[in-house]
Amino acid sequence: MRRAVIAFTAFLGGLVLLLASPAWAEGEALKGTLQNQGQPVNGVKISVVAEDGSPVAAVTTGADGTWEVPVSKAGKYKVTLDQKTLPSGVGLKFKDKGTLDVQVYEGNQRNVLFALAPAGQQNGGNASGETTASVWDRVAQLTFEGFNLGLIIALAAMGLSLVFGTTGLTNFAHGELLTLGAMAAYLFNAVLGVPLILSAVIAVVIGGAFGYLQDRFFWGQLRKRGSSLVAMMIISIGLALFLRYIFLFLFGGESRPFAEFNAQPGIQVGPISAAPKNFIAMGVELAVLVIVGVALLKTRTGKAARAVADNPALAASSGINVERVIQIIWTVGGAVAALAGVMLGLAQNINYQMGFQILLLVFAGVTLGGLGTAFGALVGSLVVGLFIQLSTLVVPTELKTVGALLVLILVMLFRPQGILGRRERIG
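The structure presented is a predicted model; accordingly, all values stated were derived computationally and were not measured. (Residues numbered from 1 in each chain as written. Predicted model: local features only at pLDDT ≥ 70, side-chain atom pairs only at ≥ 80, totals over all residues. Heavy atoms only, no water.)

Outline the UniProt feature "transmembrane region" (unreviewed entry) in the protein, listing residues and values.
Mapped onto this numbering, the UniProt entry gives "transmembrane region" (unreviewed entry) at residues 149-173, 185-210, 230-251, 279-297, 325-346, 358-388 and 394-414. Annotation note: span residues 279-297, helix share 100%, strand share 0%, distance between end C-alpha atoms 27 Å. End C-alpha atoms of residues 325-346 are separated by 32 Å, and the span's content is 100% helix alongside 0% strand. (UniProt positions renumbered as here; feature names shortened; annotations may be inferred. Helix = DSSP H or I, 4+ residues; strand = E, 2+ residues; numbered from the N terminus.)

See the structure below:
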């Protein structure tokens, strides 16, 4: 065990030496990333004008879709996207959002979002008479994107649900396992030059090892001391904040892409347009979920895990090593979460908050499907992913997450145990 701790410490030390400098901003700036259906858009002109009308700078997006304009002081700025420089077949989703008024605060690097969409899918079409895409084509495209998002959420939710089922712990630091996986893959791929597929495998191993070490030297010790679940939940919030700012210090505040599969041209499959990496990633995600699910149902360890989740005391009296089972669950949960982080980093750029940003959706998927049930987490996550994407048919993109949480609230009102959860008597 001591060797494992030393190895993980060495990994963190390497991260410190090889990644970029600390993330604290040296000054104010405006920045952003242009993406169309998850793919970076380069060569687009972005201009910034101060509140008094004086021009600040004009830049073009890079190969990864990113741009940045340092500003001399805090204040209000107008950021304009030159729509004439957009590639053929791509336009602003909201035609009146070509210029945005942005407030920059002292010491703040402000992210600016321009929502892009394929030509014809903008709200109300465009002035050139371009026809609006078929509603059914949009439904098909958004359904595909919803499944893609839902499978990533399900990978993260499955580990969280298994840990809750066997220990009762609501772990708010679970999102940081996703970030660890994505950053570990980035370290080996973009910094050390290891192929991304092999980097992903290494990241999964690191995530599993970190999950095991967490339980072996931290959560397991708290259980032995008789810490309450409420106290452990509060500790998990503190652990999440600690890890998040460690990642910020090591990785920096900017978003970065993997060195491979970054700007793939899309392919058309019927009404669905997506990069080849999206199809492959969905296949991998689905295969892993099926493998973990079958292992829970068919293997001896899986049956023991379900016994511990159902009644730990009875499982222990039957000869099951409860602590050993919990350690295995933490290892599997950490590995699957790390894989989810790699897949999320493949779908978008990597940043130190990526696990935190998706954590609320993970909790929504787990709660919606049924706390403590692995298959419930899968079903709930798919429902959340589909609703988030399909809701953009009727609500602005910025509000799509709010709609998913509204559905969660409604389901909890009428079926508190979730879709696949069981009713429990309290008191």
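Picking up where we left off.
Which residues make up the sheet that holds strand β10 (residues 109-111), and what values go with them?
Hydrogen bonds between backbone groups are what pair the strands of a sheet, and the pairing can be parallel or antiparallel. Across the sheet, 3 strands lie side by side as β6-β1-β10; this open sheet has mixed pairing. Looking along the sheet, the strands with just one partner apiece sit at the ends: β6 (66-70) and β10. The average undirected angle you get between the axes of adjacent strands in this sheet is 20°. Note that strand β1 (residues 29-33) and β6 share 5 bridges and pair antiparallel. (Pairing = 2+ DSSP bridges. Axes fitted to C-alpha atoms, helices over the stretch in contact; angles between N-to-C directions.)

Run through helix α5 (residues 229-251), naming residues and quoting values.
In this model, α5 (23 residues) spans 32 Å end to end at C-alpha, consistent with the 33 Å of a helix rising 1.5 Å per residue. All of the buried residues in α5 are Met232, Ser236, Leu239, Ala240, Leu243, Arg244, Phe247, Leu248, Leu250 and Phe251. Among the residues trailing α5, Gly252 stands out with phi positive, at a value near 95°. (Expected span 1.5 Å × (residues − 1). Buried < 20%, exposed > 50% of the residue type's maximum accessible area, 1.4 Å probe, protein only.)

For empty space enclosed by the protein, give the residues involved together with the corresponding values.
Tallied over the entire structure, the rule returns 2 cavities of 30 Å³ or more. Considering only enclosed or pocket space, the largest cavity measures out at about 70 Å³ in volume. In this structure, the largest cavity is lined by 14 residues; those nearest its centre are Asn262, Lys277, Gly345, Leu346 and Asn349. No other element matches helix α9 (residues 322-347), which puts 3 residues into the lining of the largest cavity. Along the lines of polarity and charge, the residues of the lining of the largest cavity split into 6 nonpolar, 6 polar and 2 charged. In terms of lining residues, the second largest cavity is bounded by Asn148, Ile152, Lys277, Asn278, Ala281, Glu285, Met343, Leu346 and Ala347. (1 Å grid on protein atoms, 1.4 Å probe; cavity = no way out; pocket = protein on both sides within 12 Å on 5 of 7 lines; lining within 4 Å. Points joined across faces, edges and corners; volume = space filled by probe spheres on them. Nonpolar A, V, L, I, M, F, W, Y, C, P; charged D, E, K, R; others polar.)

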